[in-house]
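Per-entry structural report
Next come the chains, spelled out residue by residue.
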Amino acid sequence: SYSFCTLLWRVWREMPAKPKGSDDPFYAQELPGLDGLNTVSATCKYEESVCEYMEEKGMSPCERVVYILQKGSDNQRRTVLEHLAVTLQDAPPNEVPPILHELNESIWQLEVDIQVVASGSIMSAIPFVPPSHLESLLELSDTMIQLKEDRLREVWSDVYVRVMKHLPDKTLYDKMVDFTLKKGELSEPVYSRVLCCRLIGAFCERDASKDHMEKFREKVSALCQDTDRSVRASMCQQFYALASLMGGSSVYRETIIRELFDLLRDEEPEVTKTAFVSLMDLVDVLEPSFRKEQAYPVFKEYIRSPPPAMESLLTENFGKYLWAVKTELAAGGEQDANLFIQYYTAASEDGPPATRRACAYNLPAVCASLPIYHFNIHLHPVLKHLAADTFVESRISVAAGLHEISKLLGNKAYAMLKGTFTLLLQDKEPAVQKVLILNMNIVLDMFAAQIGTSEEKERFFSQLVPSLLQYLETTAVSSIAKLQPIYNHLTHFPNYFSATYLHGTFLPVLLKHLKNGPRALMPQCANIIVLFCRRLCSATLENDIFCKLIMDFGKSKYATLTGGGTIKNGYQLSGRNVIGRLVFECHGQAVDDASVQITFVGSPGAAGPCSGLCARATRLHLLVSCILSLGDLRMT
């Protein structure tokens, strides 16, 4: 049944949207008129009657789906379709055919938006449809593709291709080969010819027999020379799948390469871009001679004088393409290397924001594709320029790839990257800091190993303290997603920072987190505090901090089941005196009670709480269990 709140929500959906450009904060939307309210109320009552009827008849879940598709409102049908995959997954095999039959019968009565939803739901449900019933989905998809709505044609074409990939082999070869060839006839509409291209690619992904694929060879050539640019581009997108399956056939190979180079000279920029992407993808599946004699010269020519329509494609994929031809690049010598470096440097310095972001994203791949000495001369200035770029996305991309560059530089990482790392960590944009911190330990471990003297190490790492402290205190304190990465790296901090910084700077912040931070991270925070205590020089200070840890965390109800490991670590650090204070003072348990708890433990190898104990006794049990596991029974 529908509550009054549901009715209000339905009324709100019918309200007109706030006019664009209206700055009035007190803009009042008008409620729908009486007719609109009556319509909403009638719909709610009708949906309620449908639910009551299904309850009265005691219908099974599958029967409910069929009934709603027959008699339900549009909202009910939409809900059923959105959960179609779950329904078919749980349905008995004999109840699936009625659902599919009713879906075929009722889909024509639905609004266009719901028909679009139905396409996505069917794609998700295909793995749960019996193979013998997949043909009915093919017929449904074929009919939907012929509707006038372009949006429907696009989404239902995806359904058709997905269904075909799951067809039994016999159905695939007996029916789909001739059907695919027919769809590619020039007399067919454009959307049918585009579908033919996609179906040929789907045959390749199914590892179709080469005898059947030979039937498509002439059709491939015809589609590459089609009068419509979208057909030519779509066929070009299937070259990688064709070459992967049929690359060993010299005839097919020659057909693919011939048509590909014709499409590279196409008058339509869309087709030319698609052809170049296919060319660089084919590098991985065809023989090395193709890469050396055909792909590399084309790539080099585009870099020398890039067509305006290709510039964005070249910069976005520059690192990927450069890595694909790195062997030919090395053989080309300094002249070829300088050609690519000049293009990349100019794009990173003078390009628009999107181009500079693409250059920053591709920087690790560019460094990996060129001899490392080019970094000192050409790429290091590019790195520093992009790390200080005014466009924040460029700085984020540099921060995301800095750890990969440090791996490539090896023992030169500290000398070349210390300034860039410090600059990015001090960035005023929290998003830059967050991305940098994700892999911070990789970079800092290399730095710590390469710094020559302890004085220099102290000087460098002290520069990082204010930024890390600010991130811990303000930026990340309320967000698990931001706090978790830096918590993962805090365990490395004793390798970087002296005890003065660990105790005087980071420890107070962590103790605040332990008391007020996210509950899910409290156990991890407690263990980090114990780890930091190992670097303290005063036993009294260690004991005081550990007792504070127990008071704020060990007695917390959130630590009942997770505190055992922390207590054990603390016991190894501070000894049984601190544990004694904890058991007999902090928890207020009597000696006799402690003895009772020891009987629950049973053996030194026991761990975990006993069933039926209250939270307070469970915590005590954890503590005693930790002590017994260390083999020290003198407490009792």
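Okay, the overall build of the protein next. Counting secondary structure elements, the protein contains 37 helices and zero strands. When the 636 residues of the protein are sorted by exposure, 49% land in the buried category. Partitioning the intrachain contacts of the protein with sequence separation of at least 6 by distance along the chain shows that 68% fall at a separation of at least 24. Total accessible area on the protein is roughly 30500 Å²; 52% of this is exposed by carbon and sulfur atoms.

For the rest of this paragraph, the subject is the packing of helix α22 (residues 353-369) against helix α24 (residues 392-409). Here α22 crosses α24 at 5°, and the two axes come no closer than 9 Å. Judged by the inter-axis angle, α22 sits roughly parallel to α24. Here Pro353, Arg356, Arg357, Ala360, Tyr361, Leu363, Pro364, Cys367 and Ala368 of α22 lie close against α24, whose contacting residues are Glu393, Ser394, Ser397, Val398, Gly401, Glu404, Ile405 and Leu408. A class-by-class count of the residues in the contact of α22 with α24 yields ten nonpolar, three polar and four charged.

A few words now on the environment of Glu473. With respect to the secondary-structure elements, Glu473 resides in helix α28 (residues 454-475). For Glu473, a relative accessible area of 40% corresponds to the partly exposed category. Spatially, the C-alpha atoms of Glu473 and Leu510 are 9.1 Å apart, while their sequence positions differ by 37 residues.

A word on the environment of Tyr373. For Tyr373, the position within the fold is in helix α23 (residues 373-387). With 36 residues separating them along the chain, Tyr373 and Leu409 place their C-alpha atoms 9.5 Å apart.

Close contact between helix α16 (residues 250-264) and helix α17 (residues 269-281) brings their axes to 8 Å; oriented N to C, the two are set at 140°. Between α16 and α17, the angle is such that the two are oblique. Our pair here, α16 against α17, has a crossing hand that is left-handed. Counted together, Leu260, Phe261, Leu263 and Leu264 of α16 and Val271, Thr272, Ala275, Phe276, Ser278 and Leu279 of α17 form the full contact between these two elements.

Turning to its location among the elements, Glu268 is positioned in the loop between α16 and α17. Judged by its relative accessible area of 23%, Glu268 is partly exposed. Sequence separation between Glu268 and Arg232 is 36 residues; the distance between their C-alpha atoms is 9.9 Å. Setting aside anything within four residues of it in sequence, one finds Glu268 in contact with Arg229 and Arg232.

Before going further, it helps to spend a moment on the packing of aromatic side chains. Overall, the coordinates contain 25 aromatic pairs when judged by the stated rule. Between Tyr496 and Phe497, the ring centres sit 6.3 Å apart and the planes meet at 75°, which makes this aromatic pair edge-to-face. No difference in accessibility class separates Tyr496 from Phe497, as the two residues are buried. One aromatic cluster is present, formed by Tyr414, Phe421, Phe447, Phe460, Phe461, Phe493, Tyr496, Phe497, Tyr501 and Phe506 through successive ring pairs. Lying over the aromatic face of Trp323, Lys326 brings its terminal NZ or CZ to 3.9 Å of the ring centre.

The next thing to look at is helix α4 (residues 74-82). Every buried residue of α4 is accounted for by Gln76, Arg77, Val80 and Leu81. One face of α4 carries all of its buried residues, which in axial projection span an arc of 135°.

The next point concerns helix α11 (residues 190-205). With 16 residues, α11 should cover 22 Å at 1.5 Å per step; its first-to-last C-alpha distance of 23 Å lies within 8% of that length. Among all positions in α11, only Ser192, Arg193, Leu195, Cys196, Cys197, Leu199, Ile200, Gly201, Ala202, Phe203 and Cys204 are buried. In the segment just after α11, Asp207 is the residue with positive phi, at about 55°.

It is worth spelling out the pattern of salt bridges at this point. This structure, assessed with the given rule, holds 25 salt bridges. For Arg64, the salt bridge is made with Glu55, and the minimal N-O distance between the two is 3.4 Å. A salt bridge links Arg193 to Asp226; the nearest nitrogen and oxygen atoms lie 2.7 Å apart. You can see Arg193 sitting in helix α11 and its partner Asp226 sitting in the loop between α13 (217-224) and α14 (229-236), a full 33 residues away along the chain. With relative accessibility at 5%, the residue Arg193 sits in the buried group. Asp226 gets classed as buried once you look at its relative accessible area, which sits at 6%. Ionic contacts of the salt-bridge type, sharing partners, join the residues Arg229, Glu268 and Glu270 into one network.

Quick look at the nonpolar core now. In terms of nonpolar packing, the biggest core is built from 172 residues, with Trp156 and Phe276 touching the most fellow members. Setting aside residues no more than four positions away along its own chain, Trp156 makes contact with Ile107, Gln115, Ala118, Ser119, Ile122, Leu140, Ser141, Met144 and Ile145.

Let us now look at a nonpolar patch on the surface. Residues Ile372, Tyr373, Ile377 and Leu408 make up a contiguous nonpolar surface patch of about 350 Å² in total accessible area. Mapped onto the elements, Ile372 comes out in the loop between α22 and α23. Residue Ile372 is classed as partly exposed on the basis of its relative accessible area, which comes to 38%.

Turning next to the confidence of the model for the protein. Looking at the protein as a whole, the pLDDT averages 79, with 76% of positions reaching at least 70. Predicted confidence for residues 1-5 stays below pLDDT 50, and this span has four contacts to residues more than four positions away or in other chains.

In this section: the side chain of Gln115. With respect to the helices, strands and loops of the structure, Gln115 is situated in helix α7 (residues 112-125). On the basis of relative accessible area, Gln115 is assigned to the buried category, the value being 6%. If near-sequence neighbours (up to four positions away) are discounted, Gln115 is found in contact with Ile107, Trp108, Leu110, Met144, Leu152 and Trp156.

Here is what the cut-offs are and how they apply
Residues numbered from 1 in each chain as written. Predicted model: local features only at pLDDT ≥ 70, side-chain atom pairs only at ≥ 80, totals over all residues. Heavy atoms only, no water. Helix = DSSP H or I, 4+ residues; strand = E, 2+ residues; numbered from the N terminus. Buried < 20%, exposed > 50% of the residue type's maximum accessible area, 1.4 Å probe, protein only. Contact = heavy atoms within 4.5 Å. Areas by Shrake-Rupley, 256 points an atom, 1.4 Å probe, with all protein chains shown as cover. Axes fitted to C-alpha atoms, helices over the stretch in contact; angles between N-to-C directions. Parallel < 35°, antiparallel > 145°, perpendicular 65-115°, else oblique. Nonpolar A, V, L, I, M, F, W, Y, C, P; charged D, E, K, R; others polar. Left-handed = near helix turned anticlockwise from the far one by under 90°. Phe/Tyr/Trp six-rings, centres within 6.5 Å; stacked < 30°, edge-to-face > 60°. Lys NZ or Arg CZ within 6 Å of the ring centre and 35° of its normal. Arc of directions from axis to C-beta. Expected span 1.5 Å × (residues − 1). Salt bridge = Lys/Arg side-chain N within 4 Å of Asp/Glu carboxyl O. Core = buried A, V, L, I, M, F, W, Y, C linked by side-chain atoms within 4.5 Å. Patch = residues over 30% accessible without salt bridge, like charges linked within 9 Å, V, L, I, M, F, W, Y side chains within 5 Å. pLDDT = per-residue confidence, 0-100.

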